[in-house]
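Residue-level structural notes
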Amino acid sequence: MATNHNLLGYRPGGSVLYQLSGSSKLLFFILVSISAMVTYDTRVLLLIAFLGFLIFQMSGIKLREVRFVLRFIGIFALLNLVTVYLFSPEYGVTLYGTRQVLWEGWGRFTLTAEQLFYLCNLGIKYFCTVPLAIVFMMTTHPSQLAASLHQLGLSYKVAYAVSLSLRYIPDLQEEFFLIRKSQEARGLELSQKATLRQRIKGNLQIVLPLIFSSLNRIETISTAMELRRFGKNKSRTWYMSQSWSSLDQLVLAVGLLILALTVALMVYNGSRFYNPFV
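For the chain, an unreviewed UniProt entry supplies the name Energy-coupling factor transporter transmembrane protein EcfT and the organism Streptococcus ovuberis.

Listed below in structure tokens is the structure:
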């Protein structure tokens, strides 16, 4: 059976990112994600976005391999920006304290430079975290991540649960695609030829049974683990445990530097927002 290139999960590779410990990549992702979430300083966000795309290029992951995920996230991000504007079209004016109208619009729906700037910052946040999340998931083996989490002090039960979750994501995606192709073979149109309403309805008919079958599978796995006396001992060894190298320490240092830069600019600006209108 041909491999589906739209599945989001670990894939072997030879780039330098595969040589890093799972714990260093996880800590870097958490530190940079915190920086991107707490700040609205465009300079920091653009720096993180550029770094994310650079790391994505280094990983060797092809865009066609993640186009389904990127398309889904892109649609979600666009809907989020539109919703923010519809509910509060003057929020940027309140934040930045000035009002420069670019388009009069209708009623309260005007477009100001401040609101557009705020929405751009909101959109850049997706470009900051999405590439890093994709690289982390596709370059980190679930077993290595579990061992790394245990090294960081987490219970091995929690670490193993995270490992199972990461292993299960590609299986769940593959099962979804197989069911969809089976439904299309039976005459149910789910391609772009169908209307948006038909595709949403058809995919929902697949997702609901998939959720229930997943719950049954979880029960089967938990029963099998109990029969093998999982959790009896307080600790365990890991086959894929990896010690830190100087490269891992460098990655952590870069993550800490980005977080420190974010905090310093927040103190300098007096808030989380960078205001170019003053």
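**Structural notes on the overall build of the chain**
Helices and strands together make up the secondary structure of the chain, namely 9 helices and 2 strands. Taken from N to C terminus, the helices and strands of the chain fall in the order α-α-α-α-β-β-α-α-α-α-α. In terms of overall dimensions, the chain has a C-alpha envelope of 65 × 55 × 35 Å along the principal axes. Per-residue burial for the chain yields a buried fraction of 37% across its 278 residues. Pairs at least 24 residues apart make up 75% of the contacts formed inside the chain by residues separated by at least 6 positions. Accessible area for the chain stands at about 16800 Å²; split by element, carbon and sulfur atoms hold 66% of it. Of the charged side chains in the chain, 26 are positive and 13 negative, and the gap between their average positions amounts to 5 Å.

**Here's the deal with the UniProt feature "transmembrane region" (unreviewed entry) in the chain**
UniProt's feature table lists "transmembrane region" (unreviewed entry) at residues 26-56, 68-87, 116-138 and 250-268, given in the numbering used throughout. Annotated as residues 116-138, this span is 100% helix and 0% strand, and its ends, taken at the C-alpha atoms, are 34 Å apart.

**Focus on helix α5 (residues 113-139)**
Here α5 is 27 residues long and its end C-alpha atoms lie 40 Å apart, about the 39 Å a rise of 1.5 Å per residue gives. For α5, a buried count of 21 out of 27 residues is recorded, marking the element as mostly surrounded by other parts of the structure.

**Things to note about the confidence of the model for the chain**
Mean pLDDT over the chain: 81, with 91% of residues reaching 70 or higher. Low confidence marks residues 1-5, where pLDDT is under 50. Its contacts with residues over four positions away, or in another chain, come to 8 contacts.

**Thoughts on the domain arrangement of the chain**
When its domains are assigned, the chain resolves into domain 1 (16-141 + 242-269) and domain 2 (147-228). Each of domain 1 and domain 2 was reduced to a C-alpha centroid, and the two centroids are 27 Å apart. Between domain 1 and domain 2, a total of about 740 Å² is buried, with carbon and sulfur atoms accounting for 69% of that surface. The largest per-residue losses of area from domain 1 upon contact with domain 2 belong to Ser23, Phe68 and Met137, which jointly make up 42% of the total buried on that side. Taken together, domain 1 and domain 2 are joined by 0 salt bridges. Summed over the shared surface of domain 1 and domain 2, the result is 0 residue pairs in polar contact (both at pLDDT 80 or more). Per element, the largest residue contribution to the side of domain 1 that touches domain 2 is 4 residues, and it comes from helix α1 (residues 22-38). Grouping the amino acids of the side of domain 1 that touches domain 2 by side-chain chemistry returns 4 nonpolar, 5 polar and 1 charged.

**Focus on a nonpolar patch on the surface**
Together, Val207, Leu208, Ile211, Phe212, Leu215 and Ile218 make up a nonpolar patch on the protein surface, roughly 570 Å² of accessible area in all. Turning to its location among the elements, isoleucine 211 is positioned in helix α8 (residues 196-227). Of the residues examined, isoleucine 211 reaches a relative accessible area of 44% and is grouped as partly exposed.

**Description of the side chain of threonine 140**
Along the chain, the position of threonine 140 falls in the loop between α5 and α6 (142-151). Residue threonine 140 is classed as buried on the basis of its relative accessible area of 2%. Engagement of the side chain of threonine 140 in a polar contact is seen with the side chain of lysine 25, the distance being 3.2 Å. Within polar-contact distance, the side chain of threonine 140 engages the backbone oxygen of phenylalanine 136 at 2.8 Å.

What counts and what doesn't
- Residues numbered from 1 in each chain as written.
- Predicted model: local features only at pLDDT ≥ 70, side-chain atom pairs only at ≥ 80, totals over all residues.
- Heavy atoms only, no water.
- Helix = DSSP H or I, 4+ residues; strand = E, 2+ residues; numbered from the N terminus.
- Buried < 20%, exposed > 50% of the residue type's maximum accessible area, 1.4 Å probe, protein only.
- Contact = heavy atoms within 4.5 Å.
- Areas by Shrake-Rupley, 256 points an atom, 1.4 Å probe, with all protein chains shown as cover.
- Lys, Arg positive; Asp, Glu negative; His and termini not counted.
- Charge placed at Lys NZ, Arg CZ, Asp CG, Glu CD.
- UniProt positions renumbered as here; feature names shortened; annotations may be inferred.
- Expected span 1.5 Å × (residues − 1).
- pLDDT = per-residue confidence, 0-100.
- Domains from an automatic or database assignment.
- Buried area = accessible area lost by both parts, 1.4 Å probe.
- Salt bridge = Lys/Arg side-chain N within 4 Å of Asp/Glu carboxyl O.
- Polar contact = N/O pair within 3.5 Å; in protein donor to acceptor, adjacent residues only side chain to side chain.
- Nonpolar A, V, L, I, M, F, W, Y, C, P; charged D, E, K, R; others polar.
- Patch = residues over 30% accessible without salt bridge, like charges linked within 9 Å, V, L, I, M, F, W, Y side chains within 5 Å.

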